[in-house]
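# Summary of the model geometry
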Amino acid sequence: VFFSGCNLRCVFCQNHDIAHQRNGFDLTPEQLAEWYLKLQDVGKVHNINLITPEHVVPQVALSILAARDMGLKLPIIYNTSAFDSLASLELMDGLVDIYLPDFKVWSTSSSKRLLKADDYAAAARESVKEMHRQVGDLCFTSDGIAKKGVLLRHLVMPGKEDEGREIMRWLAENVSKDLYVHIMEQYHPDAHVGKKRRRRAVDGEEKEEVRYADINRAVTDQELGSVRQAAEEAGLWRFCDVSEHGGFHL
């Protein structure tokens, strides 16, 4: 379930048509609850996955409560950038079964330039700790379906592997060495990255440049491997790896 809009403006956003352009339609909490029930009863899904809900948390809380009254039995996934306020997470306490936060970048400079947020990492650290306090480490049903806990994702960025390593070390030292972690390799240039624009140079001549050229490429195996190695060296061991036989489902 995608929510139109987002409280970040990531220049590489891979859902920018929804997050930035706010495509979608209006629903009351009760109408949204009815969609949850349709997904459960007709779609036969494993869970209700709420994507970027942090800017509409009161309405989301009401929709979950209404859906439970209507017979919703599925786990609720809170799929977030981790740029959440503690007040919004307190509203979700007891309503969310699985937290699925991203931890995007570590440095203030990357936060300002790429996410358009001054204090992303500070907010993410507090948010992830609160999520883990509420639901703990990820656990599964006997047939491999995730049922409760935190699954943290980090999208490795071109040239930002140092930040990924810092994030892994912090998670191991401050959250849990049993934290389930997904080190993601699927970054690709999107949204504003790689777009061309014309700028006037000092000499007055206009020149064409590529926006965010430093991240206008895929990540390398070496960059991915260095983040994974840092995670393992820090003591993390539960990784979401691609499995030919479908090791677990979320």
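Scoring rules and cut-offs
- Residues numbered from 1 in each chain as written.
- Predicted model: local features only at pLDDT ≥ 70, side-chain atom pairs only at ≥ 80, totals over all residues.
- Heavy atoms only, no water.
- Helix = DSSP H or I, 4+ residues; strand = E, 2+ residues; numbered from the N terminus.
- Rg over C-alpha atoms; globule rule 2.2 N^0.38 Å.
- Buried < 20%, exposed > 50% of the residue type's maximum accessible area, 1.4 Å probe, protein only.
- Areas by Shrake-Rupley, 256 points an atom, 1.4 Å probe, with all protein chains shown as cover.
- Lys, Arg positive; Asp, Glu negative; His and termini not counted.
- Charge placed at Lys NZ, Arg CZ, Asp CG, Glu CD.
- Axes fitted to C-alpha atoms, helices over the stretch in contact; angles between N-to-C directions.
- Parallel < 35°, antiparallel > 145°, perpendicular 65-115°, else oblique.
- Left-handed = near helix turned anticlockwise from the far one by under 90°.
- Contact = heavy atoms within 4.5 Å.
- Nonpolar A, V, L, I, M, F, W, Y, C, P; charged D, E, K, R; others polar.
- Core = buried A, V, L, I, M, F, W, Y, C linked by side-chain atoms within 4.5 Å.
- Polar contact = N/O pair within 3.5 Å; in protein donor to acceptor, adjacent residues only side chain to side chain.
- Expected span 1.5 Å × (residues − 1).
- Right-handed = clockwise from strand over helix to strand, strands pointing away.
- Pairing = 2+ DSSP bridges.
- Phe/Tyr/Trp six-rings, centres within 6.5 Å; stacked < 30°, edge-to-face > 60°.
- Lys NZ or Arg CZ within 6 Å of the ring centre and 35° of its normal.

## Quick word on the overall build of the protein
Looking only at helices and strands, the protein has 8 helices and 9 strands in total. Taken over the C-alpha trace, the protein has a radius of gyration of 19 Å; the compact-globule value for 250 residues is 18 Å, and the two agree within 12%. With the C-alpha coordinates aligned to their principal axes, the bounding extent of the protein is approximately 70 × 45 × 35 Å. For the protein, the proportion of its 250 residues judged to be buried stands at 48%. Carbon and sulfur atoms make up 48% of the accessible area of the protein, which totals about 12800 Å². Positive and negative side-chain charges in the protein, numbering 31 and 38 respectively, have mean positions lying 4 Å apart.

## Section: the packing of helix α7 (residues 161-174) against helix α8 (residues 221-234)
Packing of α7 against α8 leaves a shortest axis separation of 8 Å and a crossing angle of 20°. Taken together, the axes of α7 and α8 are roughly parallel relative to one another. In the crossing of α7 with α8, the sense of the turn from one axis to the other is right-handed. Only E223, S226, V227, A230, A231 and A234 of α8 make contact with α7, whose side of the interface consists of E161, G164, R165, M168, R169 and A172. Here the residues of the contact of α7 with α8 are counted per class, giving 6 nonpolar, 2 polar and 4 charged.

## Overview of the nonpolar core
With 69 residues, the main nonpolar core has F12, F103, Y120 and L171 as its most contacted residues. At 7 residues, helix α6 (residues 120-135) tops the list of elements feeding residues into this core. Excluding residues that lie within four positions of it along the chain, L171 makes contacts with F103, V128, L152, S176 and L179. Grouped together as the second largest cluster of nonpolar side chains are 8 residues, I98, L138, A146 and L151 included.

## Focus on the environment of K195
Mapped onto the elements of the fold, K195 is located in the loop between β6 (180-184) and β7 (196-200). A polar side-chain atom of K195 sits 2.7 Å from the main-chain carbonyl oxygen of A191.

## Observations concerning helix α3 (residues 57-70)
An ideal rise of 1.5 Å per residue puts 20 Å on 14 residues; α3 measures up with 20 Å between its terminal C-alpha atoms. Buried residues of α3: V57, V60, A61, S63, I64, A66 and A67, and no others. Next to the buried residues of α3 lie α2 (29-41), β1 (48-51), β2 (76-80) and α4 (86-92). G71 lies just past α3 and shows a positive phi near 115°.

## Quick look at the pairing of β2
β2 sits mainly inside the fold: 5 of its 5 residues count as buried. Residues of β2 alternate between two faces, with I76, Y78 and T80 on one and I77 and N79 on the opposite face, all of them buried. As a crossover connection, the stretch from β1 through α3 into β2 is right-handed. Relative to strand β3 (residues 98-101), β2 is paired through 4 bridges, and the arrangement is parallel. Residue T80 lies in a different strand from β3, and its bridge partner there is P101. With α4 bridging β2 and the parallel β3, this β-α-β connection has right-handed handedness.

## So, the environment of I51
Inspection of the secondary structure puts I51 in strand β1. It is 30 Å that separates the C-alpha atoms of I51 and Q222, two residues lying 171 residues apart in sequence. Among all residues touching I51, those that are not within four sequence positions of it are V1, F2, F3 and N79.

## Examining the packing of aromatic side chains
Under the defined criterion, the tally for this structure stands at 7 aromatic pairs. Relative to W106, the ring of F103 has its centre 6.0 Å away and its plane inclined at 25°; by these criteria the two rings are stacked. The structure contains a cluster of three or more aromatic residues connected by ring pairs, namely F83, F103, W106, Y120 and W170. Positioned above the aromatic ring of W35, the side-chain terminus of K38 is 4.4 Å from the ring centre.

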